[in-house]
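# An overview of the molecular structure
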Amino acid sequence: MRVLNIVSPGLPHRSAARPFGGRAVQAALRAMTMAVVIALSVLASPSLAQDVGASDYQFELVDRELKQGYGAVLTVRLVHRQTGKVVPDAVVFISRLDMSPDGMGEMTAPLEPVPDVLPGYFRFETDLVMEGDWSLVLMAKVPDADGYVRGKLIVTAVP
């Protein structure tokens, strides 16, 4: 016996009755979730963030001490370890400033990029509302290096 599948113009097709989130949508959501988890783990892990080539570079503070208060300007340079030359074409894309060296990691300060006339130097305006040691965490991409350059520098706010 042969059964015919007849679609009536007044009734929705079987595929239209599926709830939102069919197999293809669920697979795409799982793939996107996995991509986000992998990206976050790379950014959060120093060992994964420093692939071959990235360890050839380091961040350096221009001034280790800054005056405590509003409108303080931090200046950092990115240098090639072997040559000591400043890297002019790097892009800093993650930055954070907090008081974790003094046991107050929840105390953060804003970092606003400020244009600099010297290539390879990065300036940030911040509000150092408290005296003490502040941890500056930076991550950058150097075009000819594999991976990301990650740096953690300690700057001291003085009265």
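Criteria and cut-off values
- Residues numbered from 1 in each chain as written.
- Predicted model: local features only at pLDDT ≥ 70, side-chain atom pairs only at ≥ 80, totals over all residues.
- Heavy atoms only, no water.
- Helix = DSSP H or I, 4+ residues; strand = E, 2+ residues; numbered from the N terminus.
- Buried < 20%, exposed > 50% of the residue type's maximum accessible area, 1.4 Å probe, protein only.
- Contact = heavy atoms within 4.5 Å.
- Areas by Shrake-Rupley, 256 points an atom, 1.4 Å probe, with all protein chains shown as cover.
- Core = buried A, V, L, I, M, F, W, Y, C linked by side-chain atoms within 4.5 Å.
- Pairing = 2+ DSSP bridges.
- Axes fitted to C-alpha atoms, helices over the stretch in contact; angles between N-to-C directions.

The secondary structure content of the protein chain amounts to two helices and nine strands. Put simply, the protein chain runs from its N terminus to its C terminus through helices and strands in the order α-α-β-β-β-β-β-β-β-β-β. Put simply, the protein chain has 159 residues, and 28% of those count as buried. Taking contacts inside the protein chain between residues at least 6 apart in sequence as the whole, the part at least 24 apart equals 62%. For the protein chain, the computed accessible surface area is about 10600 Å², with 58% contributed by carbon and sulfur atoms.

Ranked by size, the top nonpolar core spans 28 residues in total, and within it F59, L74, L78, L97, W134, L136 and V142 carry the most contacts. Of all the secondary structure elements, the ones that give two or more residues to this core are β1 (57–61), β3 (69–80), β4 (91–99), β7 (121–128), β8 (132–141) and β9 (149–158). For L97, the residues in contact, after removing those within four places along its chain, are L74, M107, T108, A109, L111, T126, L128, W134, S135, L136 and V155.

Moving on, we come to the sheet that holds β3. Strand order across the open sheet formed by four strands is β1-β3-β7-β6, with antiparallel pairing between neighbours. On the outer flanks of this sheet lie β1 and β6 (112–114), each paired with one strand and no other. Strand-to-strand twist in this sheet, taken as the mean axis angle between neighbours without regard to direction, amounts to 35 degrees. Note that β6 and β7 share three bridges and pair antiparallel.

The next point concerns the side chain of H80. Looking at where H80 falls in the secondary structure, it is placed in strand β3. Look at H80 and you get buried, because its relative accessible area is 16%. The residues contacting H80, other than those within four sequence positions of it, are D56, Y57, K85 and V87.

Judged from the five bridges that link them, β1 and β3 form a sheet pairing that is antiparallel. Residue pairing in the sheet places Y57 in a bridge with H80 of β3. Direction of pairing for β3 relative to β7: antiparallel, over a ladder of eight bridges. Pairing of T75 across the sheet is with R123, part of β7.

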